[in-house]
Amino acid sequence: MKTAKTNWIGTILSCLCDIAGFVTITYLLGCADFSFSKSPVSILLFAANCWLYSLFWQNLRRYLSRGTAILVTILAFSCVAALLYFVGFLPFGTEPVRLPLF
C-alpha cells in the first residue's frame, strides 16, 4: 500500500515538473519567435517548439492515460495562453551589445 501511494505522489510531482518546464520553455520560445519573426531563425524556433510539444506528449503518456494526458495538455496550453494574456510577449532585442574593454 505504501509503495502505491509513493508512486502516485511521484507521478504527480513528475507531471507538475513537466508542466512547469513546458509552460516556461513554450512561453520563451514563443516570445523569441515573435521577436525574430522576419528572420530565418524563426524556422528553427518553430521546429524547436514542435519538438517540445512531442516531447511533452511522450512524457505525459509515459505515466498517464490518454484521456488524462489530453486534459493535462489542455491545462498546460491554458497556462501558456494565460501567461501570454496577462504578461504579454517579452521582446528580445536584436541589437548588438557593446561590452567595455579594459
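The shown structure was predicted, so the numbers you read here are calculated from the model rather than taken from an experiment.

**Student:** Tell me what's going on with the side chain of Asn49, and back it up with residues and numbers.
**Tutor:** In this structure, Asn49 sits in helix H2 (residues 41–63). Ignoring any residue separated from it by four or fewer positions in sequence, one finds Asn49 in contact with Thr26 and Leu29.

**Student:** Give a detailed account of a nonpolar patch on the surface, specifying residues and quantitative values.
**Tutor:** Side chains of Trp8, Ile9, Ile12, Leu13 and Leu16 sit close together on the surface and give an oily, nonpolar patch of about 510 Å² of accessible area. Looking at the secondary structure, you find Leu16 in helix H1 (residues 2–35).

**Student:** Pulling in residues and values, what's your account of the nonpolar core?
**Tutor:** Across soluble globular proteins, you tend to see nonpolar side chains buried next to one another. Judged by nonpolar contacts, the single largest core of 15 residues is most densely connected at Ile19 and Leu60. Of all the secondary structure elements, the ones that give two or more residues to this core are H1, H2 and helix H3 (66–86). For this core, the leading source of residues is H1, giving six residues. Contact partners of Ile19, with chain neighbours within four places excluded, come to Phe56, Val72, Leu75 and Ala76.

**Student:** Give me the lowdown on the packing of aromatic side chains, citing residues and values where you can.
**Tutor:** The geometry of two aromatic rings is summed up by the distance between their centres and the angle between their planes. Across all of its chains, the model carries six aromatic pairs by this definition. Here the aromatic rings of Phe22 and Phe56 are separated by 4.1 Å at their centres, their planes lie at 15°, and the arrangement is stacked. Placement of Phe22 in helix H1 and of Phe56 in helix H2 is noted, with a sequence separation of 34 residues between them. The same class applies to Phe22 as to Phe56, namely buried. Pairing Tyr85 with Phe86 gives two aromatic rings, centres 5.0 Å apart and planes at 80°, and the pair type is edge-to-face. For Tyr85, a relative accessible area of 65% gives the class exposed. Through pairs of rings, three or more aromatic residues link up here, namely Phe22, Tyr53, Phe56 and Phe77.

**Student:** Which residues make up H3, and what are the values?
**Tutor:** Because the α-helix completes a turn every 3.6 residues, residues three or four places apart line up on one side. Helix length check: H3, at 21 residues, gives a terminal C-alpha distance of 30 Å against a target of 30 Å (1.5 Å per residue), a fit within 8%. Within two residues after H3, Gly88 carries a phi angle of roughly 90°, on the positive side.

**Student:** How would you explain the confidence of the model for the protein chain if you had to name every residue and give the values?
**Tutor:** Considering every residue of the protein chain, the mean pLDDT works out to 85; 88% of them sit at 70 or more. Of all the helices and strands in the protein chain, H1 carries the lowest mean pLDDT, 83, while H3 carries the highest, 92.

**Student:** Go over H2 with me, naming the residues and quoting the values.
**Tutor:** Spanning 23 residues, H2 covers 34 Å between terminal C-alpha atoms, matching the ideal 33 Å at 1.5 Å per step. Taken together, the buried positions of H2 are occupied by Ser42, Leu45, Asn49, Leu52, Phe56, Asn59 and Leu60.

**Student:** So what's going on with the packing of H2 against H3? Which residues, and what values?
**Tutor:** Interaxial distance between H2 and H3 falls to 9 Å at its minimum, and their mutual angle equals 135°. Considering the angle they form, H2 stands oblique to H3. Of the two possible hands of crossing, H2 and H3 adopt the one that is right-handed. For the pair formed by H2 and H3, the contact residues are Tyr53, Phe56, Trp57, Leu60 and Arg61 on the first element and Arg66, Ala69, Ile70, Val72, Thr73, Ala76 and Phe77 on the second.

Quick notes on the rules
- Within each chain, residues carry numbers counting from 1 in the order of the written sequence.
- Local features in a predicted model are, by the rule used here, given only for residues with pLDDT of at least 70; side-chain atom pairs are given and counted only at 80 or more, and totals for whole chains, interfaces and linings are based on all residues.
- As a rule here, side-chain values cover all heavy atoms of the structure and leave hydrogens and water aside.
- Labels follow the DSSP assignment, with helices taken as runs of H or I lasting at least four residues and strands as runs of E lasting at least two, numbered in each case from the N terminus.
- Residue contacts are defined here by distance: any two heavy atoms, one from each residue, within 4.5 Å place the two residues in contact.
- Patches here: salt-bridge-free residues with over 30% relative accessible area, like charges joined within 9 Å, nonpolar side chains (Val, Leu, Ile, Met, Phe, Trp, Tyr) joined within 5 Å.
- To measure how exposed things are, a 1.4 Å probe is used in the Shrake-Rupley method; for residues, cover is taken only from the protein chains shown.
- Here, a salt bridge means any side-chain nitrogen of Lys or Arg that lies within 4 Å of a carboxyl oxygen of Asp or Glu.
- Side-chain atoms within 4.5 Å link the members of a nonpolar core, which is a set of buried Ala, Val, Leu, Ile, Met, Phe, Trp, Tyr and Cys residues.
- To sort residues, take the accessible area from a 1.4 Å probe on protein chains only and compare it with the maximum for the residue type: under 20% means buried, over 50% means exposed, and anything in between is partly exposed.
- Only Phe, Tyr and Trp rings are paired, with Trp represented by its six-membered ring, and only when their centres lie within 6.5 Å; those with planes under 30 degrees apart are stacked, over 60 edge-to-face, the remainder tilted.
- The span you would expect from a helix comes to 1.5 Å times its residue count less one.
- The predictor attaches a confidence to each residue, and that confidence, scored 0 to 100, is pLDDT.
- Lines fitted to the C-alpha atoms define the axes, with helices restricted to the stretch that makes contact. Angles between their N-to-C directions range from 0 to 180 degrees.
- Angular relationships are summarised with four words: roughly parallel below 35 degrees, roughly antiparallel beyond 145, roughly perpendicular across 65 to 115, and oblique for the angles in between.
- Helix crossings fall into two classes, left-handed where the near helix is turned counterclockwise from the far one by less than a right angle and right-handed where it is turned clockwise.

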